[in-house]
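Chain and residue survey
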Amino acid sequence: MPVVSEAELRQTVADICGPLGAGEVEISRLQDHLVGSNLRGHDSHGVHLLMNYVNLWRKGDIKFGAELEVLRESPAHAALDAHGGLGQVMAGRAADIAIDKARAGAIAAVTIRNCSHIGRLGEYAEQIAAAGLIGFVTVNGQGGAQLVAPWGGVERRLSVNPFAWGIPAPGTDIMVDISPTVVAGGKVNIKQYRDEPLPIGWVIDSEGHDTTDAADFHDGSLLPLGGHKGYALGVVVDVLAGALSGGGTSQPDPPDWHNATLIIAINPAAFVTAEEFETEVSDLLDYIRSSRLRPGFSEILIPGEPEAREMARRRREGIFVSERAWSQLCALRERGAAP
């Protein structure tokens, strides 16, 4: 696989998105988000998504320059409509609104509907945690992007419906970014790009049988994480993101695919002093790390530490991109992505 520098990947994003009409802010956000995902080891949400974004732009499902509309607002909440705007820009602005409102009070909730793909949720949870607040972010496919079979079912009925938490902590902030499925759909795509078999338990085929062939995912489904437990979380996320925002939940014959999102920010200083909160979190992490290690383990990592270490390593050594994905990106860059 090619090893590409951070700078070259950032330039590739600009070369592809600039001719489509993306502005400087939109290009910068895509560079930070997509390349940042690759740096953290989340390749499923990295630069290979540009191929999908170009297709969404051609269909009119990404509208560069769209305005974020405030539909409803109070000191503790806002309901927003992105009108198809670039997800990374719109979700970042929504997180800023949640931060400002939570700092002024105790807790704030912000929803977005009609947003293009917002990408890796962890970025917005990180954004809130970096502001000294606790962040929660969740998203659905606004009725579309159904990839997941319900527990016991064969047909797709839910989108992946991920969620993320960000908690400020001494050293590296606590970061949790997961989906209630065994794996994100993008990881199946990465396996296909690399011509690698799927682990058993990721995907079922159209008849409900386990499969290791990524091609079976085309007519198959992702499985929920932990069986009925992940399935239950997926249902809750569909309500929190889709119903609260007004964007929509999973349904027959859904409208064009977009993201609907709920972002919550919590101000710890409204509940305890900053020193009390930091001490409790620090003591908790120290206690967790003090556990005796299982055979084969050399240390206990806190959620968020693996990504921080991977980012440092990839900045030193470069970023691996599959041959297929890199060739497609280079072709888009060289011939121009616009039709």
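Refer to the structure presented above.
What counts, and at which threshold
- Residues numbered from 1 in each chain as written.
- Predicted model: local features only at pLDDT ≥ 70, side-chain atom pairs only at ≥ 80, totals over all residues.
- Heavy atoms only, no water.
- Phe/Tyr/Trp six-rings, centres within 6.5 Å; stacked < 30°, edge-to-face > 60°.
- Helix = DSSP H or I, 4+ residues; strand = E, 2+ residues; numbered from the N terminus.
- Buried < 20%, exposed > 50% of the residue type's maximum accessible area, 1.4 Å probe, protein only.
- Lys NZ or Arg CZ within 6 Å of the ring centre and 35° of its normal.
- Axes fitted to C-alpha atoms, helices over the stretch in contact; angles between N-to-C directions.
- Parallel < 35°, antiparallel > 145°, perpendicular 65-115°, else oblique.
- Contact = heavy atoms within 4.5 Å.
- Salt bridge = Lys/Arg side-chain N within 4 Å of Asp/Glu carboxyl O.
- Patch = residues over 30% accessible without salt bridge, like charges linked within 9 Å, V, L, I, M, F, W, Y side chains within 5 Å.
- Areas by Shrake-Rupley, 256 points an atom, 1.4 Å probe, with all protein chains shown as cover.
- Expected span 1.5 Å × (residues − 1).
- Arc of directions from axis to C-beta.
- Pairing = 2+ DSSP bridges.
- Polar contact = N/O pair within 3.5 Å; in protein donor to acceptor, adjacent residues only side chain to side chain.

**Some thoughts on the packing of aromatic side chains**
Counted according to the given criterion, the structure contains 1 aromatic pair. Centre to centre, the rings of Phe 136 and Trp 165 are 4.7 Å apart; their planes meet at 45 degrees, and the pair counts as tilted. Here the residue Phe 136 occupies a position in strand β5 (residues 134-140), and Trp 165 occupies one in strand β6 (residues 163-167), the gap between them amounting to 29 residues. Using a relative accessible area of 11% as the deciding quantity, one classes Phe 136 as buried. Seen from the ring of Phe 217, Arg 156 lies directly overhead, with NZ or CZ sitting 4.9 Å from the centre.

**Examining the packing of helix α3 (residues 49-59) against helix α10 (residues 323-335)**
Where α3 contacts α10, the axes come no closer than 10 Å and their chain directions differ by 45 degrees. Taken together, the axes of α3 and α10 are oblique relative to one another. In this structure, α3 contributes Leu 50, Met 51, Val 54 and Arg 58 to the contact, and α10 contributes Ala 325, Gln 328, Leu 329 and Leu 332.

**A few points about the pattern of salt bridges**
For the structure shown, the criterion picks out 19 salt bridges. Notably, a salt bridge pairs Arg 314 with Asp 43, separated by 2.8 Å at the nearest N-O pair. Remark: Asp 43 occurs in the loop between α2 (24-39) and α3 and Arg 314 occurs in helix α9 (residues 305-317); sequence separation between them is 271 residues. Among the salt bridges present, the one from Lys 59 reaches Asp 61, with a minimum N-O distance of 3.7 Å. Ionic contacts of the salt-bridge type, sharing partners, join the residues Asp 43, Arg 194, Glu 310, Arg 313, Arg 314 and Glu 317 into one network.

**With respect to a nonpolar patch on the surface**
A surface patch of nonpolar side chains, about 370 Å² in accessible area, is lined by Trp 151, Tyr 231, Val 235 and Val 239. Inspection of the secondary structure assignment puts Tyr 231 in helix α7 (residues 228-245).

**Side note on helix α8 (residues 274-289)**
Taking 1.5 Å per residue as the helical rise, α8 with its 16 residues ought to reach 22 Å, and the 23 Å between its terminal C-alpha atoms agrees with that figure. Listing the buried residues of α8 in full gives Phe 277, Val 281 and Leu 285. All buried residues of α8 fall inside an arc of 60 degrees around its axis, so they share one side. Looking at α8, the residues exposed on the side facing more than 90 degrees away from the buried face are Glu 275, Glu 280 and Tyr 287. The secondary structure elements touched by the buried residues of α8 are β5, β6 and β7 (174-178).

**Quick word on the sheet that holds strand β4 (residues 107-115)**
As summarised here, the arrangement of the 7 strands in space is β2-β3-β4-β10-β5-β6-β7, forming an open sheet in which the pairing is mixed. Pairing within the sheet leaves two strands with one partner each, and these edge strands are β2 (69-74) and β7. Across the sheet, the axes of successive neighbouring strands diverge by a mean angle of 10 degrees, strand direction being ignored. Pairing analysis gives 5 bridges linking strand β3 (residues 77-81) to β4, with the strands arranged parallel. Bridge pairing in β4 links Ala 79 to Thr 111.

**Considerations on unusual backbone geometry**
With phi around 55 degrees, Gln 142 is a residue other than glycine that occupies positive phi space. Classification of Gln 142 as buried rests on a relative accessible area of 4%. Not every positive phi belongs to a glycine, and Asp 195 is a case in point at roughly 55 degrees. One can find Asp 195 in the loop between α6 (185-193) and β8 (203-204).

**Here's the deal with the environment of Arg 156**
Within the secondary structure, Arg 156 is located in the loop between β5 and β6. Judged by relative accessible area, Arg 156 falls into the partly exposed class, the value being 23%. Taking the C-alpha atoms as reference, Arg 156 lies 9.7 Å from Leu 223; in sequence the two are 67 residues apart. Looking at Arg 156, its side chain comes within polar contact range of the main-chain oxygen of Gln 146, at 3.4 Å. A polar contact of 2.6 Å, which involves the side chain of Arg 156, links it to the backbone oxygen of Phe 217.

Take it as geometry only, folks, not as evidence of what the structure does.
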